[in-house]
Structures are given as C-alpha cells and as structure tokens.
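# Remarks on the overall topology
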8 protein chains.
Amino acid sequence: MNEGYKDLGFAKLDLDRKERTGFAEVVFCEGKEEEYLKKIYKNIFDEYGEVFGTRASTAQFEAVKTVIPEITYDKTSKILKASKSDKTLIGNIAVCTAGTADIPVAEEAAQTAEFFGGKVFRYYDVGVSGIHRLLAVKDEIAKANCVIAVAGMEGALASVIGGLVSNPVIGVPTSVGYGVGAGGTAALHAMLSTCANGVATVNIDNGYCAGYLAIQINRLAVKAPGEDYDGNR
Amino acid sequence: MNEGYKDLGFAKLDLDRKERTGFAEVVFCEGKEEEYLKKIYKNIFDEYGEVFGTRASTAQFEAVKTVIPEITYDKTSKILKASKSDKTLIGNIAVCTAGTADIPVAEEAAQTAEFFGGKVFRYYDVGVSGIHRLLAVKDEIAKANCVIAVAGMEGALASVIGGLVSNPVIGVPTSVGYGVGAGGTAALHAMLSTCANGVATVNIDNGYCAGYLAIQINRLAVKAPGEDYDGNR
Amino acid sequence: MNEGYKDLGFAKLDLDRKERTGFAEVVFCEGKEEEYLKKIYKNIFDEYGEVFGTRASTAQFEAVKTVIPEITYDKTSKILKASKSDKTLIGNIAVCTAGTADIPVAEEAAQTAEFFGGKVFRYYDVGVSGIHRLLAVKDEIAKANCVIAVAGMEGALASVIGGLVSNPVIGVPTSVGYGVGAGGTAALHAMLSTCANGVATVNIDNGYCAGYLAIQINRLAVKAPGEDYDGNR
Amino acid sequence: MNEGYKDLGFAKLDLDRKERTGFAEVVFCEGKEEEYLKKIYKNIFDEYGEVFGTRASTAQFEAVKTVIPEITYDKTSKILKASKSDKTLIGNIAVCTAGTADIPVAEEAAQTAEFFGGKVFRYYDVGVSGIHRLLAVKDEIAKANCVIAVAGMEGALASVIGGLVSNPVIGVPTSVGYGVGAGGTAALHAMLSTCANGVATVNIDNGYCAGYLAIQINRLAVKAPGEDYDGNR
Amino acid sequence: MNEGYKDLGFAKLDLDRKERTGFAEVVFCEGKEEEYLKKIYKNIFDEYGEVFGTRASTAQFEAVKTVIPEITYDKTSKILKASKSDKTLIGNIAVCTAGTADIPVAEEAAQTAEFFGGKVFRYYDVGVSGIHRLLAVKDEIAKANCVIAVAGMEGALASVIGGLVSNPVIGVPTSVGYGVGAGGTAALHAMLSTCANGVATVNIDNGYCAGYLAIQINRLAVKAPGEDYDGNR
Amino acid sequence: MNEGYKDLGFAKLDLDRKERTGFAEVVFCEGKEEEYLKKIYKNIFDEYGEVFGTRASTAQFEAVKTVIPEITYDKTSKILKASKSDKTLIGNIAVCTAGTADIPVAEEAAQTAEFFGGKVFRYYDVGVSGIHRLLAVKDEIAKANCVIAVAGMEGALASVIGGLVSNPVIGVPTSVGYGVGAGGTAALHAMLSTCANGVATVNIDNGYCAGYLAIQINRLAVKAPGEDYDGNR
Amino acid sequence: MNEGYKDLGFAKLDLDRKERTGFAEVVFCEGKEEEYLKKIYKNIFDEYGEVFGTRASTAQFEAVKTVIPEITYDKTSKILKASKSDKTLIGNIAVCTAGTADIPVAEEAAQTAEFFGGKVFRYYDVGVSGIHRLLAVKDEIAKANCVIAVAGMEGALASVIGGLVSNPVIGVPTSVGYGVGAGGTAALHAMLSTCANGVATVNIDNGYCAGYLAIQINRLAVKAPGEDYDGNR
Amino acid sequence: MNEGYKDLGFAKLDLDRKERTGFAEVVFCEGKEEEYLKKIYKNIFDEYGEVFGTRASTAQFEAVKTVIPEITYDKTSKILKASKSDKTLIGNIAVCTAGTADIPVAEEAAQTAEFFGGKVFRYYDVGVSGIHRLLAVKDEIAKANCVIAVAGMEGALASVIGGLVSNPVIGVPTSVGYGVGAGGTAALHAMLSTCANGVATVNIDNGYCAGYLAIQINRLAVKAPGEDYDGNR
C-alpha cells in the first residue's frame, strides 16, 4: 500500500484521499455488485471506523448489514452509512428546494455536509411560483456560508437566490419535470446561464457533489486563516 | 380574387385575412428580395391604407420608400410600417424585459400590439438578479390584461411574473446569452418548463407573435361580450 | 400564516394564490408520496371545500379517498378532484385533437377549464391527414374565445387552426409519436415555428397549462371590462 | 476506363452512371475549386454534349464559362448547366412551396426534373396559414404523378398535401425559419413524423434529391410497363 | 356521413380516403384502447370486407378477434389484418435488410405492399460489412420498380443500393443499434445525408410508410399511363 | 432611488448590490450600444470611483474613454475598467489552463478576482496530454483557497486537479476545440460528469463567473469567522 | 456457397470472412431470436470447431447449449463462446478501466482479444480522481502494443494515458454515469476531443470493437513484416 | 528544464515527448497569436532541426517565415513545416476519400504520416455512390498496414472498407455536407455505429489524429518485434 491505495483487484481504494483532501473516500453504490460493495464498505469501515455511501438500494443495505451491523439506510436520500456518533456540527450551510419533489436530492446534499461536520439549515418548497415564500426566509438564508439551491423544471430558484445573498450559491438541477424539462436539462442550462453572480452548478441530481463543495467552503469559513480543520470530527 | 387571395406569382396575398381574423396580413421581411417586397408592400398599402412588417433591413426600408414615401423604419425593432395616424390605443398590455439587451425583441412585441390598437406599458431591465426592481413595479404589471415577459439567458423572469399576476403571461425567450444559453434554447426550455401557472411561450426572439397574442387577448378584454372590435381603429 | 402560505414542512401551501390570481392552487400529483399527498389534499379541501389535482395514479386516488371520501378520479385524464356540484359553466373554449391518442392530454385541458368555470366544446380526431374533417367543423371552432389544439407527431393541427380563427390558439404538443417524433419534440418545435399568427405553445403533454391559460382568456372575454369574475362559481 | 469511370486524379467521373441509372452524373459544385470544376464540367460536357450542376456560385459560373461558352447560370436556383435545346418535357410533376422564401429550393427541384425531361407545374406560396390558397388548387395538384412539397418553419404543407392526393409526396424541408426552426430541423422532423400516408422526406434544402426522385417516379408513370425511356430526350 | 367521414366520437373514420387516394384507411394500433380498437376495426371491416392495421399487440389481437373472427396476427411484423384471399400481386418491389434484426421492420413494409396488391421480393441480411453478399443479388434488386432498404446502425445499405439501381430507393432507418446508434438517429441521418441519387427517407422503424410509398410507385409503374388501378384487387 | 436602483429608462442600475453582496455591479458589455454603455459606466464610476466590465470591444473602449478618461482596456481578457490603484491583494487563488488558447478566459477570471481584492497565481499550459507539467506544480496549486481550472477540448484538467487538491475547484469549459468539441459542450459535460470530488462548473467561457465565485470563497477563507471584509480594499 | 456466404434465409453467414480478414465471424447476440441464434451458432461451430458471440443473455446461453453442449457463458462480459483449448496467447495488450463499474465492457474487450490469440494485461480502477493509482502502473502499461482505456463519466482516462505511452490507445466510453453523463455521450465526446495524440475512439460500451482493433494491431506487432499470422492458433 | 518541459510562460513545450512516445511535439496552429507561434516554432526547430504544425493560416506562414526561412506551407492541408530532406518512407498506409471535397482532411492525415516516416498511398474519390470505383482498387488497399477512410455526408466509406480489409481502418468523418449532415455529425455517428469490424474513429476533420495513429500502427508493423524504430529517420 505504499502507493497510497489498497488494491482489491476489482477496485483500488484511495486510502490516501483523507490525507490529501481532508475527507475520506465516499462510495458511489449505484450499479456495484453486492459482493464488491461489501468488501469496499468493510475495508473503509475498518480503516476509519466510519463509512459513507450514496445512491444505495435497499438490497445493498441488506447485503452490507451482514458485514457491518451498525450500518444505517435512509430511503429518501438513499444514503448508506455508519457514522461516528459524537460529531459537532459547525458553520452554516443552507439547503433550499423549489418543490417537494426535489427533497431527495436536497437530503443527499444535506446529509453529505452533515457527515463531514457541517451545520445545515433546510428551506424546502420555496420555489418562485409563489415568491413570497422565499422572501419570507431570505434574511436567514443570507447568513449561510454557502447556499445549495435544488430545483427541477425551469430551475429559476438558483438565479433568484443568487441575486439575494453574498456568499456562493451551488445550483443543483434535478430531473423533476417532463417534456423539455424531463431529465433535468432545462434546469441545468438555466442554472449555467444564470444572470446572477456567484452561482456554480453541478451535474443533474448530484446532491452529493453540492454537499461536498458546501462543506469545503464552510470549512474555509469556519476556521481562522492558517488553522487546521478535521472534517470528520 | 374570388378565392380570397391576390396572386402575385411569387406570393399569394391573403386579403381575406382581415375578414377572417380581424387583423390584416403582416409582412415578414427577412430574406425577401427587394423587388418582391416592394410589390407586396404596395399591394397591401393600396388595399388598406396602411401596412406593417417585421425584421426589415435598412436596405429594404430604402427600397420600399421608393414606392411608399410615407413608410417609416425603426432601427431597434426593425419594424417597417406606414400606419394611420389617428389610432386610439385602448386596454392594457405590459411588456417587461429581464435586461437591456432584450429591448429589440420587446419593441417588436410592443409596436405590433400598438399597431393593432393596444395600449402598451413598458417595464425594462427588471430581471431576477436584482429582484427588488421587479417587486417595485409588480402592482402596476398586475393590472395588465396580458403580460409579455421578454428574457434571454435563463429566462427566469417569465416564471416569477407568472407567480405574481392573474392574467395570461406570454414568455418570449431571446437569443441573448452564450455557452449553453446561446441562441435562446435555455430560456425557451425554462419558460416551457415553468412551475408557474398561466405562462404560454412563443418561439425564440418572436416578439411579433407575442404582440399579436397580446392584442388578441386585450381585444377580448376590452370589448363587452358579443361586442365588435376593430383592431385598426 | 401571515406570510400568505401554510407551512407543512415538506411543502408550503400557497393559500394566497386565489387572492392573487383568482384561482386556487392545483396539485401536481406525479411523484408525490401518498402521505404527503393526503395532507396536501386535506388542507386545501378544508380551506376551499374543493380541490383539484393532475397526473394522479390509481394508488394515489385510493390514498386520498381515505381522507376525502367524496374525491373522484378520471382514468383518462388522471385528474383527481373533489368539485363543488353547482357550477355554472360559461364562455366558449374549443378543445381539438389531431387523433384519438391525444385525448388524455385534451381531457386534462378540458377538465381544468371546466373546474374553473369554463364551458368547453370538444372536437376530437380532426387531424390534417384528412382535412375535410376539420373543415367540416371550422365555423363552430371559430366561435370560441380560445382554441386548444392538441397534437403529437408533426403537430400541424395548431398551424392550420391558427390560420382559420381570430382568437388565440394554444398549441399542446403531445408525446404521441415515434422515431424523431418520439417524446413530442417534433410537434413542439413545429408549433413554436408555426407560420400562423396567434399561436402560443405550452410544454409537451401539458394539458393543464393550456386549460389554465384558456380559462384566463375566457374570463377576460366573458366579463365586461372592469367587472369581477369568480373562477370557481 | 474499363472500370466504368474516368480518373482525373482528384476525382473519378462515374461515366458508367447513365448506363446504370438512366441519368448522367450531376455535379455538386459547392466547395469545389474552380480549376477542378472546370475539368469536371469539360469532361462531362465532352462526353454527353450537356452538363448539369447544382449549388454553383457566380465565380464558378465565370470560371466554367471559359471552357464551356454555352454554359448558363440561374441565380435563384444556383444551377449551372449547358442543356440540349430540343427536349420534350413529359409527365406531370407538381412543385409546391409554403412561402416565397422557399422558392430557391423549389427551383432547384423543378429545374432538375426539367433537365431530365419531366414536365413541371409550380404552385408557390400555398402554405397552411391561409389554407384556402391551397384548397383552391388542390384538384390540379392531385393530377401529378409526384408532388414535391417545399416548406420551412413547421413544414406542415407536406402533411396537408399528403392527405389530399393519391400519388407520392416528397417533402423538402428548408432552412427558412428562426429560433427552434432555424436550420430546418423542425420542418424535417415534422415531415418525417407526418400523420399522412405516402410522404417521403429528403435532407434539408435538398431540392436536387427531390427533383431526381420525382423524375424517377414520373419515368415509371409515363412509360408503359416494360417500355424504355430516355431521361434526356 | 355527407362530410366524407364516420364520426365515432373518439374517432372520425376517413371513409372518403379510398375514393381520394385509392387505398383504404389503415389503423395505427399502438396505444389505442381495446374498446376503441374493436369499434374501429369492425366499422372498417363492415365497410370494405377487409381491414389492415400495424403495431398491434397480442392483447389487441385477442380483443379484435371477438368481433372479427377471421382476423389474423403476425408476431414478427405486428400486423393485425383480415385480408381478402383472392388478391393477384403484381409489379416488383424489393425489400432488403442490412441484418437479421431489421426483419420486423422489413416485414411491416413488405406485408403493407402485399396487402395493397404489390409483388414483393425479399433480400435479407445483405449489409455492407460483407458486401459480396449484396453484390451477388444486385442484378435482381435492380429490376424492382422500387427498392426498400431497411438498416439500423450506420445505415450505409441505402447509399450503396442507391448507387447500384435506377429506380427510387426508400431508406428505412431502424432503431437497431446502441451508443450513438441507439434509437436509429445515426442511420436516419446517414440516409438523409446520402451521397447517392434517388434515395428518399422515412421515419425510424416506419416500415408501413415505406411499404405505402412503394405500392404508390409500383402502381404508377404497372399500369399504362391513364389506366385505372385497384390497389385492393 | 428608494427602491435600491437607479432608473436610466433602458436600464435599472442595481446600486443596492454592493450593500447586499459586498461587491458592486459589474457590466456585461457585449451587445450593449455605445450610448447606453457610456451612461452605465459613467453612473457607476460616479457612484463608486471605479467601474469594471467584461466582454468589451475596442470600439466600446473608445466610446467609454470619452466620458471616463482613466478607463483602461486589456485586449486579451476584453476587460474594460477603471480601478482604484491602492488595492492590497490577499488570499490565494490559483488559475490554471490546459493550453495556450484558454488564456483569454483565464485572464477574465484572474482579473475579476484581482479587481475584487484577491491574490492570484497563474499556471498556464498544464494540460493532461503531458501530465508531468501539471505534477511539477501540484504542490503550489494545492495551497490555493480555490482553484480555477480552465480547459477546452475534453476538459480533463478539472478532474485531474480535483483529485489532487483539498479546496474547491471551479471548472471553466472553454469553446476551444472543433468537431464534437466545438463550442465547448464536450468540456462542459466532462466537467459536470467528473469523477472527482469538489468540482463546480460554470457556463462555457464564463471566466467572470469563476473569478467571482473564487473571490467569494477566498473572502470566506481570509477573514476570521464573523470578521468583516471589504472586497474593494 | 460460391458467393462466399451461406444463406440461412434469415441470415447470410459470411464464411469468407476468415479468409478475407484473418478472423472468423463473431455473433452479435443481442435481440436475435433463440431459434435463429441456435442455427447461426451451430453452423459456425461446425465450420470452424469454435464460435464466439457477444451481448448474450442467460436464456440465449441455455438455448444454444441444447445444440452445442461445450458452450460457455460469462455473466460479466456476456460472452457466449466455445473456444479451442490449446491457444497460445502472444503479444501485449493492456486493458485499463477508470472504475469498477466499467469492468463488464473491459472484459468484453479483453476476452475478444484473448479469443483471437492476444495476451492481455488488466489494470482496473485507475481513474484520474486518484491519479497516483495510474502513475503507479504507467511503466507496465507503456509496454503494451495497444492500450484499451475504458471509462464512463467524463472519460478523462483515455487522454491521460494517451499522454503517457507511445503505442495506440483505443478509448472505449461507457454508459456509466448520470445527468449529462448518462448514456456515455460525455465520455465519448471527451475521448474524441482529446488533446492527446494517438487516441482512437469506438462507440459507447463497444468493448468488442476495441478488442478487435487491439488484436489487429497486436498481430502487426508480433509478427515480423511479411510473416503470416493465425489469429485462432 | 529538469521537469521535461521548457516553460515559455504562455506555453510549456513538452520536450520530453519524443523520448516518451517516439515522435516530437506537433503544433496545433489554429487560433495561436503570431508572436506566440513564432517562439514555439523557433524553439522546436532549434531543438530538433525540424518542426511540423497543422491548421496554419497564410498569415501565420508569413510570420513564422521571418524566424525560420526554410519553412514551407501547403494550402490544401494547411500544414506548416520545416522537414529534414533525407527521410526514407517505409511501410504501407492507404488514405482513401469518398469525394473530392474530403481531400484537405486526407492530405493532413497523409502528410502527417509522411513527416514521421510512413509510406502513403492515396485513393481519392472512391465513395460508395459508384462502388465500382472502390472495388477496382480494393486489392491494393488491402495490402496496407492501416487504412484511413475519409468521408463526409453519410460516411459509409469506412464501413464498406472495414468489410474488405484485414488491418485496422481509421475513419475520419469530415464536415462536408449540409442539412443533418452539416458539421460532420452524421458521418461521425455512422462511423462509430459501423457494422464492420476493426474500424476506429477520430474527431470530425481530425486528419492529424488519423495520420498519427496510422504511423503508430505502421511502426509496429514494419519493425520486427523488439526492434527499435526512429519515426523521424
């Protein structure tokens, strides 16, 4: 393992990652065979005492449970994890959704940030078709170090929030929609084309990536310059 | 001409249209050869005493002027027309733009509606990146019989207005933008995917179509049920 | 609730909407979990004595029935509603389809307009491949305050109707088709590119949006200028 | 030349083609260097006493004129040809356009068919936005052995004609249009998705291909079964 | 029924079509409800003594059988028909496929042409990856009045055949393929872009349309000019 | 101006923005008429004593110079600005490019960050086709609070850097490329699909947006939590 | 069979292929009916004593087993084959994957090359998000006559390897990914747009084509110029 | 320069490349400023005594000539190079085009291979619309170690050649075409979807990449296994 990874044959675990980036490797479960997944989870868990994965199925949860009894599964976010219990969540990350159907993606983002030590505030169903709902909470949202705006359909939420706050906004287009909005491309293109300043975009439904970026930004915000930070504390 | 059109060989003027729809034929000038255009303009002008065309070039203006001295040309909207001077504009049509660059398309819409007798109110540069600018005029906009929302880039303006007013909103995506927003497709898809109620969409940069729809709706609003209406009064 | 909405946590009901727009909030059922949907339906029903939703499944119908026994479900249109029985339908809205397969989308449009008080006339299977079928009813269609043209495949119906009537036409492309017509994009692009005047377009299969626009236009037509109107009478 | 072609190095003239297909090779001029084009034209002209090419520029016309003085050029269709003068045109091919802007493509089709001996009847500006113009000539069009329907924008003309006649209709989408109709894709997809029977489609702006197909079909129609036919008589 | 159609409410049967085009209405079964389909089949069968439909399912076959016991169903082509038994097939239509997987679409084309009286010759699995297979039969194919080239993947078959024969070639792209060839778009675009002369294209998997065009062309070829023809003899 | 903006008729300057976000409004010059641009620049300059705009042309530079003599123009980045001279640049922002052709976009990003007070380090031409060039500077890049990765063609640079550093990476796809890479879509999709953690993406060629996000993140990093920050110091 | 193929009616087996290309015909099983497949497998097996097919299902395996008892099936690669047992594998082909999910496509490539006599070395899970894993094996990979780089998502692996080795790299984009990366288009476009030299690309998930190209290249490398080679030795 | 590159600030010359891959760095001239280009050319020329670049303009040629008088420019291929005069060309590379318009791309490929020491045979204008032209030379083409098939429009040439030869075929789609074939996407997708074995594809118009791959393959073929090879001999 002197190359910084552990070779399982079908996979090379990047055990150097925590050293390099501050956060341990996260498992993308979708499409991984159960036997492979069990070995990957077990190896990471044995190394760090915790493990975090996204896009897991119920069947994968059952399989991993046979090797890590303390594993837990959240149906909404599809997150499969064994997490240390004594984490102190710090900073301020706002996670907003346009509608109720965007909640699963938002939860993937929120729980990722929480696993790595971030304090998350949720603002759900504040889409622009009834903008008074967003305006009612805008002062709270503006306090966040980083705002995650999760929206499908026309994805206008990211633009409107981008015009209201001073810290970075991460737009997460979702595949909620139909017709030209099906699959999330309309929302993605809208967020990339935003007229607002300070809006970055991630791939469609990629709540994980948004949560990861938010925790990176939050980490920079909560520590004094030069100070160290442990994402898994 | 008993079939309801006048055959010029290269074109068949639809002289039955005013009878059928209440509004005379409008000329789409783009790409028409000057000799053809002169004949088309002259025939319509002789029939009705006025004529209206869109997407004209300066060269086309000069050409048509040789046969209709009273023709006028507006560089911003590219409208080429000879209009009766004694029109009374009635009703209430709001034309809004997200930015300054959307004004040419907005003017095509506004002047089309005005040519057919509609009273137009303009609200320019009220895009969502600084939403206080839109909120400051929302009560005025809400009085319109029909609102035209002209926006490029992410086109969020149509959705936000759609959530604020009770009458129909016509979204006009513009080709203002670059990258994935180039050509107006991002704005078009956003408007079609809107989460707001009562938003219809027209083709990219099609200010004329929006103006025409607005005047149709305005006509229904200003006359009492059953009453007649002359779009060119 | 002084902000104009009721916060259910997973959703913020826009109870201010009827005040703002004249029509109460409509529920988009697709993809909503049954427990959420039951609470949303119950809250709206308790507030207004009626409730209307689109794209519901049979399972959702069964779930909502447990909290609102008078709820009804129409399999063709997938509309799930509890409607006051004493409505007087007024005005004139024409709903046309190109083929038999477009009927579900047409019914979503028609029943939306009817729920909000509009009188609807249906003209089904009048597509352009046998244009004598359309020409046989064109005088009736021309009497409508607003015409909804529902068509898949090449979507030519909207253009042809647009050339025949004087009031606004709302084109609804449907996902009926295959090959390059699959998913409805060919019909959508055809309607947006129409050479006819006065055709607005909505998203693919979005019968609801067309019905909503039609009732807005019909409302402007049936009341005298300045007069009030109750969409739910 | 026993392989059935003449090798010019930069090109291999398919002199076997007339034997194989009944019609000599046609030159696609666009993008060919003038020196190459002169040699190609001269070789074909020397072989057959006539030569026909499409998409030529004025500069190419001037260049070819230096080697074939009797060459003629038509600016509208961009056809560059030297044609035998004593051709008898037979059969019946109808060429229709939706608008005036579609005429250049229609002329490429019509003149191709005429060069190979077909009798062509032109019906221009009969688009569906004023369908009475098409209905006025439908009985004449229905007599053709093959109908070419040239249309940009939403391309509905091909579908409507397809429903009115009994012989094959060849749809030619044109690049006339803007927004989603720009480049001709909307018209192409509409024609391919047509609900009418007996509509074949060719590439956007490909008048030549339509003219060639029409003359093939016309040839089958005008000769008795088993009889020979000389496309260049 | 003086308008030339029979109104079933959910459908308007175009009983004028045989008069107008020489061929009776064909039923597109896909997506039609069984109760509707039974009525449509029964009405056409009662009118003509035969009926022909495409894209039917086994369940639809069972349903229609309850009202027309003599109905037959072909699983490969998905054609559901009751056909008069004494037809004389005339002319010459060649149906070629690139591979074995293209046979279902080819059969839809071939059986359509046969139903309307055409004599069909089949050449299956003659794709260009082993071009000696095609060259071995090219002289036979060249005798056809019309050649149908059915191919998925890169669709090169239509171009190669187009270069070998003198009568029209109808390219039918199929959805056989994967990656960029999935859904048939690569084959469609290749056929539309063909460098060969005399190739028309139809929508992806649209064997019916190709068969219909072939029978129209075959009809023109087999009758002497001016002579009448009964497509259903 | 109590609404927080200054209304110039054709534009509504968002003078509230600096208050709201910490950074004053930036002018997007592209496509703005010179007369409009002069007024916009003059108003902002008079308000703040400095002004910054992107995508300006030489002609626009000349025009604005007539009203602000101290304006300067950089041809590479197309930035047109008048900047206070005594700024102290702080923090650490790394701007990397894959190739030489990506430098204009990189400079737009770098100079935006510098205008708002960030210290920028440039690493140009470190693309993955010779990865030793990137590995030679990776330790320096890893010190940045935020890394901007600018790349066209296949855009792999963002992914590789994402795997090497611990702070956020902002991917900027450029329109450098041809064929399927033309216009920047291939690079955009690659960056959005990255397998690396902590990569956000902005629109194609949108150096400004990347620079703005970087300065927001840098601001959070350089100040102690709770401390104030003046972006224009 | 003097034309070089065996005609089974539904298929024409290209028995001339081994003569022509050095490798016998391979069966693409997907979508072939079991009865057809059994006959195709049996004929090839009888001719050569071995047979190789890709994209087979378990059901197809069971069917073919009834006619070729020695047939074997590999679930990961979906390869269905009966292979001679005494093959000597020669040369050096490297097969690399970015992640674990790309292994099925990689195995299709590797086993194809092995069936035709190539020696294959596998390097799995060496994607660029942890580039130290790739750098650790780069000297081994550089020894291959041909490198196959299999990657989904952003497909950066092909570019990075292309910059490290001197022999040809074949990029195989996989459909592993979601959002804009779904279906493999992002990886395909990235590989085609690569800034590295010597990278060829095949269709998405087309491991077979990559394996075939690799064995062709390996064959050229392992034999002395002019020497013969038997791919199936 | 101990990192293996020479840092010019705006560029980092990969002087390690010849060591690593056997071939020196090639300059992609398009879009590079003349001052930059002169320095890049001069540095490479000074290092190796020769230099090779693609996609150069006449103006760039004039600029580079001022620092390297012996530089030569070929207008057809747009190659700008100073090449050692005593190269011995070895091996066998076939470069084929479908039409005359594909020659510029073919020359870029051919001259790249020649610069690096390959012997090239050219077969131009052998497209499939007259397949006897290709069949006449197929035995010669089959002798090549690698065949480059350059074609626009429907790109069928690569598939047909792929079925005729035993060594690798590299398909180069060109942007020659219009309508759906415009820009080369139809040809690209056809080549990627090919039903033939042993066809690799490169980006549209990327003759350079094809020439580079061919020379890599040719190098493996001409040397005995284990033997060294100097690409610039």
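Residues numbered from 1 in each chain as written. Chains lettered and ligands numbered in written order. Predicted model: local features only at pLDDT ≥ 70, side-chain atom pairs only at ≥ 80, totals over all residues. Heavy atoms only, no water.

Regarding its fold elements, chain A presents nine helices and 11 strands. Here the C-alpha atoms of chain A give a radius of gyration of 18 Å, agreeing with the 17 Å that 2.2 N^0.38 yields for 233 residues. Its C-alpha atoms give chain A principal-axis dimensions of roughly 50 × 45 × 30 Å. The buried share of chain A, taken over its 233 residues, is 67%. (Helix = DSSP H or I, 4+ residues; strand = E, 2+ residues; numbered from the N terminus. Rg over C-alpha atoms; globule rule 2.2 N^0.38 Å. Buried < 20%, exposed > 50% of the residue type's maximum accessible area, 1.4 Å probe, protein only.)

Turning next to the sheet that holds strand β5 (residues 72-74) of chain F. Residues and elements named next belong to chain F. One open sheet holds the four strands; their spatial order is β3-β4-β6-β5, and the pairing between them is mixed. A single partner strand is all that each edge strand has here, and the edge strands are β3 (27-28) and β5. The pairing of β3 with strand β4 (residues 51-54) spans two bridges and is parallel. Pairing of Val 27 across the sheet is with Gly 53, part of β4. Across the sheet, helix α2 (residues 34-48) is in contact with β3, β4 and β6 (79-82); its angle to β4 comes to roughly 145°. (Pairing = 2+ DSSP bridges. Contact = heavy atoms within 4.5 Å. Axes fitted to C-alpha atoms, helices over the stretch in contact; angles between N-to-C directions.)

It is worth spelling out the arrangement of the chains at this point. Separating chain B from chain G is a minimum C-alpha gap of 13 Å, and the two share no contact. The least C-alpha distance between chain D and chain G, which are not in contact, is 21 Å.

As a further point, take the packing of aromatic side chains. What the rule picks out here adds up to 80 aromatic pairs over all chains. Judged by centre distance (5.8 Å) and plane angle (15°), the rings of Tyr178(A) and Phe28(C) are stacked. Of this pair, Tyr178(A) sits in the loop between β10 (169-173) and α8 (185-192) while Phe28(C) sits in strand β3 (residues 27-28), placing the two residues on different chains. In this arrangement the basic side chain of Arg55(F) is found over the ring face of Tyr178(B), its NZ or CZ atom lying 4.0 Å from the centre. (Phe/Tyr/Trp six-rings, centres within 6.5 Å; stacked < 30°, edge-to-face > 60°. Lys NZ or Arg CZ within 6 Å of the ring centre and 35° of its normal.)

Counting residues at the interface gives 33 residues for chain H and 33 residues for chain G. Interface of chain H and chain G: buried area, both sides summed, is about 2,900 Å²; carbon and sulfur atoms make up 56% of it. By the criterion of area lost to chain G, the three top residues of chain H are Leu192(H), Asn197(H) and Leu220(H), representing 23% of everything that side buries. Scanning the region where chain H abuts chain G turns up zero salt bridges. Joining chain H to chain G, the criterion identifies nine residue pairs in polar contact (both at pLDDT 80 or more). Breaking the side of chain H that touches chain G down by element, the ones donating at least two residues are α1 (17-21), α8 (185-192), β11 (199-201) and α9 (207-222) of chain H. Looking at which element gives the most residues to the side of chain H that touches chain G, the answer is α9(H), with 10 residues. (Buried area = accessible area lost by both parts, 1.4 Å probe. Salt bridge = Lys/Arg side-chain N within 4 Å of Asp/Glu carboxyl O. Polar contact = N/O pair within 3.5 Å; in protein donor to acceptor, adjacent residues only side chain to side chain.)

This part is about the pattern of salt bridges. As enumerated under the stated definition, the model contains 104 salt bridges over all chains in all. Asp7(C) is the partner of Lys12(C) in a salt bridge, and the nearest nitrogen-oxygen pair spans 3.7 Å. Of the residues examined, Lys12(C) reaches a relative accessible area of 6% and is grouped as buried. For Lys87(E), the salt bridge goes to Glu50(E), with nearest N and O atoms at 3.3 Å. One end of the pair, Lys87(E), is in the loop between β6 (79-82) and β7 (90-97); the other, Glu50(E), is in the loop between α2 (34-48) and β4 (51-54), with 37 residues separating them in the sequence. Glu50(E) carries the same exposure label as Lys87(E), and that label is buried.

Before going further, it helps to examine the relation of the copies chain H and chain G. With an RMSD of 0.0 Å, the fit of chain H onto chain G corresponds to turning through 180° and sliding 0.0 Å along the axis. Here the copies are linked by what is in effect a two-fold axis. Most of the interface of chain H is mirrored in chain G, where 100% of its interface residues again form contacts. (Least-squares fit on C-alpha atoms with pLDDT ≥ 70 in both.)

Attention shifts here to helix α2 (residues 34-48) of chain D. In an α-helix, one full turn covers 3.6 residues, which means residues spaced three or four apart are oriented alike. Residue and element names in this part refer to chain D. In this model, α2 (15 residues) spans 21 Å end to end at C-alpha, consistent with the 21 Å of a helix rising 1.5 Å per residue. Considered for burial, the residues of α2 that qualify are Leu 37, Lys 38, Ile 40, Tyr 41, Asn 43, Ile 44, Phe 45 and Tyr 48. Just downstream of α2 lies Gly 49, where phi reads positive at about 80°. (Expected span 1.5 Å × (residues − 1).)

Right, let's get into the pairing of strand β6 (residues 79-82) of chain D. All names here are of chain D. Across three bridges, strand β4 (residues 51-54) lies against β6 in antiparallel orientation. In the strand pairing of β6, Gly 53 is matched with Leu 80. Pairing of strand β5 (residues 72-74) with β6, which is carried by three bridges, proceeds in the antiparallel orientation. Across the sheet, residue Thr 72 finds its bridge partner in β6, namely Lys 81.

Residue and element names in this part refer to chain B. Within the secondary structure, Asn 218 is located in helix α9 (residues 207-222). At 2.9 Å, the side chain of Asn 218 and the side chain of Asn 145 are in polar contact. Leaving out residues up to four positions away in the same chain, Asn 218 has contacts with Ile 90, Gly 91, Asn 92, Ile 93, Gly 118 and Asn 145.

Hydrogen bonds between backbone groups are what pair the strands of a sheet, and the pairing can be parallel or antiparallel. Residue and element names in this part refer to chain A. One open sheet holds the four strands; their spatial order is β3-β4-β6-β5, and the pairing between them is mixed. One side of each edge strand has no neighbouring strand; the edge strands of this open sheet are β3 (27-28) and β5 (72-74). Along the sheet, helix α2 (residues 34-48) makes contact with β3, β4 (51-54) and β6 (79-82), crossing β4 at roughly 145°.

Take the packing of helix α4 (residues 103-115) of chain F against helix α9 (residues 207-222) of chain F next. Residues and elements named next belong to chain F. Two elements in contact, α4 and α9, have axes separated by 7 Å at closest approach and are oriented at 35°. Read as a crossing pair, α4 and α9 show a hand that is right-handed. Residue-level contacts link Val 105, Glu 108, Ala 109, Thr 112 and Ala 113 of α4 to Gly 207, Tyr 208, Ala 210, Gly 211, Tyr 212 and Ile 215 of α9. (Left-handed = near helix turned anticlockwise from the far one by under 90°.)

Turning our eyes to something else, we now look at the relation of the copies chain A and chain C. In the superposition of chain A on chain C (RMSD 0.0 Å, axial shift 0.0 Å), the rotation amounts to 90°. Both chain copies can therefore be described as sitting about a four-fold axis. Considering only C-alpha atoms, the part of chain A nearest the rotation axis is Gly183(A), at 8.7 Å.

A few words on the domain arrangement of chain A. Residue and element names in this part refer to chain A. With domains assigned, chain A is organised as domain 1 (6-82) and domain 2 (90-222). Relative to domain 2, the C-alpha centre of domain 1 lies at a distance of 26 Å. Between domain 1 and domain 2, the contact holds 16 residues from the first and 16 residues from the second. For the pair domain 1 and domain 2, the number of links is one salt bridge. Applying the counting criterion to the domain 1 and domain 2 interface returns four residue pairs in polar contact (both at pLDDT 80 or more). Of all elements in the fold, only β4 and β6 reach the threshold of two or more residues within the side of domain 1 that touches domain 2. (Domains from an automatic or database assignment.)

With 14 residues of chain A at the interface, the matching set in chain C holds 19 residues. Approximately 1,400 Å² of surface area, both sides summed, lies buried where chain A meets chain C, with 56% of it carried by carbon and sulfur atoms. Where chain A touches chain C, the interface holds zero salt bridges. Along the contact surface separating chain A from chain C lie 11 residue pairs in polar contact (both at pLDDT 80 or more). Counted by class, the side of chain A that touches chain C contains six nonpolar, six polar and two charged residues. (Nonpolar A, V, L, I, M, F, W, Y, C, P; charged D, E, K, R; others polar.)

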